[in-house]
Amino acid sequence: MRLVLIRLSAVGDIIHTWPLACAIREAQPRCHLTWVVEEPLRPLVEGHPAVDAVFTTRTRRWRRRPWSAVTRAEIGALKGAFRELQPDVTIDPQGVLKSALVTRWTGAARRIGLARPWRREVLAALAYTESTAGAAGRAHVVKTNLEMLRAFGLTPPGNARPDGTWLAQRAAEKRPQGPWAPSYAVILPGTAGAHKVIPAATLAEVSRGIIGLGMDVVVAWGPGEERRARAVTRDAGAGAHMAPPTDLLELAALLDGAALVVGGDTGPSHLAASFGVPTVAVFLASDWRRNGPLGARTTVVSGAATGPGGPSKSARLPSRRRVGAQEIVAAARGLIDL
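Everything in this summary refers to the structure shown in the same document. (Residues numbered from 1 in each chain as written. Predicted model: local features only at pLDDT ≥ 70, side-chain atom pairs only at ≥ 80, totals over all residues. Heavy atoms only, no water.)

**A look at the overall build of the chain**
- Scanning the chain for helices and strands turns up 13 helices and 12 strands.
- In terms of overall size, the chain behaves like a compact globule, its C-alpha atoms giving a radius of gyration of 20 Å where 338 residues would be expected to give roughly 20 Å.
- Seen along its three principal axes, the alpha-carbon backbone of the chain occupies a region of about 60 × 45 × 40 Å.
- Expressed as a percentage of the 338 residues in the chain, the buried residues total 54%.
- By sequence separation, contacts in the chain at least 24 residues apart represent 60% of the contacts at least 6 residues apart.
- Counting every atom, the chain has about 14700 Å² of accessible surface; 52% of that belongs to carbon and sulfur.
- The distance from the centre of the 43 positive side-chain charges to the centre of the 27 negative ones in the chain is 7 Å. (Helix = DSSP H or I, 4+ residues; strand = E, 2+ residues; numbered from the N terminus. Rg over C-alpha atoms; globule rule 2.2 N^0.38 Å. Buried < 20%, exposed > 50% of the residue type's maximum accessible area, 1.4 Å probe, protein only. Contact = heavy atoms within 4.5 Å. Areas by Shrake-Rupley, 256 points an atom, 1.4 Å probe, with all protein chains shown as cover. Lys, Arg positive; Asp, Glu negative; His and termini not counted. Charge placed at Lys NZ, Arg CZ, Asp CG, Glu CD.)

In structure tokens:
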């Protein structure tokens, strides 16, 4: 069987799709699995033990310049790769228009997506030949992804969680070096949505509390996050260090070497959890039951309201209360003392 898995973005969502790829590989060891992902996120897929080939998209650039020669050439090349592959089945757990469009381009006879209310966008269904239900109740998205195995007559595994060991091994030699001590904590000040952002002052106070536990703090950052990272580092004082610019593999290596990671509802928090690093995730306005980090040593501090009991296409929830620095430090201390 030639199978195409469509999960274009984002970092956390890709990590939460790893167990689906692993389950497919375990159930169908002779299948050929191609993963389609956005080009900048390719390192999160390429080299995965369940993946045979990686195709990439650049949908953000394609939307900005839909009629340019470069866009037409890149889309044409992707369609050509699908024609050469001739997939039997395409599975799309992302459930949005851009992933559904790529699903349609694969030309597979079976194109499987999620049913409502698990699917994020209604019109995505136009690309599918069949839809499957996700997990019952307010289940984690990993469980909903795994429910798609039922389309193949397979029973989903019970307690699967993302395992990033393969990526940590691949990135090991790219660990950034700096003036911090060998035992360090990583603070993640950035996140994709404004409703998820932990105030810089809170993170600076958290950093001071962690330094008081005997660790240096390294403040990691990505595009658009440098100013916040500088503010956290400056206000945290002695023992806090700003990380150098990192690509995905360098960030992975930095997280894998940490004694502790503290961040919000953001992809790097999920990445750290997949490595088995003690990880404190702060959820301010989203449902940790649905999208929380899964790992052997994780804990969540939530300021969000309690969500509905049933399934939902989104983890977004109203903010219920402010989360203070001392609460986050206490959660970190609890993880370290385990």
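What follows continues from the structure just given.
**Remarks on the sheet that holds strand 9 (residues 240-242)**
- The six strands are arranged 9-8-7-10-11-12 in an open sheet whose pairing can be described as parallel. The sheet is open, and its two borders are formed by strand 9 and strand 12 (298-302), each paired with just one other strand. Averaged over neighbouring strand pairs, the angle between their axes works out to 20 degrees when direction is ignored.
- Of the pairings in the sheet, the one linking strand 7 (residues 184-188) to strand 10 (residues 260-264) comprises four bridges and is parallel in character. In the sheet register, Val186 faces strand 10, and the bridge partner there is Val261.
- Those strands touched by helix 9 (residues 226-236) are strand 8 (216-219) and strand 9, and its axis lies near 160 degrees from that of strand 9. (Pairing = 2+ DSSP bridges. Axes fitted to C-alpha atoms, helices over the stretch in contact; angles between N-to-C directions.)

**Details of the packing of aromatic side chains**
- Across all of its chains, the model carries four aromatic pairs by this definition.
- Aromatic pair Trp18 and Trp166: ring centres 5.5 Å apart, planes at 70 degrees, arrangement edge-to-face. Remark: Trp166 occurs in helix 7 (residues 165-171) and Trp18 occurs in helix 2 (residues 18-27); sequence separation between them is 148 residues. There is no split in this pair, since Trp18 and Trp166 are both buried.
- Between Phe55 and Phe82, the aromatic rings sit 5.6 Å apart at their centres with planes inclined by 55 degrees, giving tilted as the arrangement. Of this pair, Phe55 sits in strand 3 (residues 53-57) while Phe82 sits in helix 4 (residues 69-85), placing them 27 residues apart in sequence. Of the two residues, Phe55 and Phe82, neither departs from the other in class, the shared state being buried. (Phe/Tyr/Trp six-rings, centres within 6.5 Å; stacked < 30°, edge-to-face > 60°.)

**Overview of the pairing of strand 11 (residues 279-283)**
- Counting buried positions along strand 11 gives five out of five residues, so the element sits mostly inside the fold.
- Residues Thr279, Ala281 and Phe283 line one face of strand 11 and the alternating positions Val280 and Val282 line the opposite face, and both faces are buried.
- In this structure, strand 10 lies alongside strand 11, joined through four bridges in parallel fashion. Counterpart to Gly264 in the pairing with strand 11 is Val282.
- A crossover links strand 10 with its parallel partner strand 11, the connecting element being helix 11 (residues 267-274), and its sense is right-handed.
- Bridging between strand 11 and strand 12 involves five bridges; their strand directions are parallel. (Right-handed = clockwise from strand over helix to strand, strands pointing away.)

**What to know about the nonpolar core**
- Ranked by internal contacts, the top residues of the largest apolar core, which has 55 residues, are Trp35, Leu167, Val186, Leu255 and Leu271.
- It is helix 10 (residues 248-256) that contributes the most residues to this core, six residues altogether.
- Beyond its immediate chain neighbours, meaning those up to four positions away, Leu271 contacts Ile15, Trp18, Leu44, Leu167, Ala252 and Leu255.
- In this structure, Ala185, Ile187, Leu203 and Val323 belong to the second largest nonpolar core, which totals 25 residues. (Core = buried A, V, L, I, M, F, W, Y, C linked by side-chain atoms within 4.5 Å.)

**Here we look at the state of the cysteines**
- Inspection of the entire model under this criterion finds zero disulfides.
- For the unlinked cysteine Cys22, the closest cysteine sulfur is that of Cys31, found at 12 Å. (Disulfide = S-S within 2.5 Å.)

**Here we look at helix 2**
- Of all 10 residues that make up helix 2, seven are buried, and the element is covered over most of its length.
- Where helix 2 is concerned, the buried positions are Trp18, Pro19, Leu20, Ala21, Ala23, Ile24 and Arg25.

Just geometry here; none of it tells us what the structure is for.
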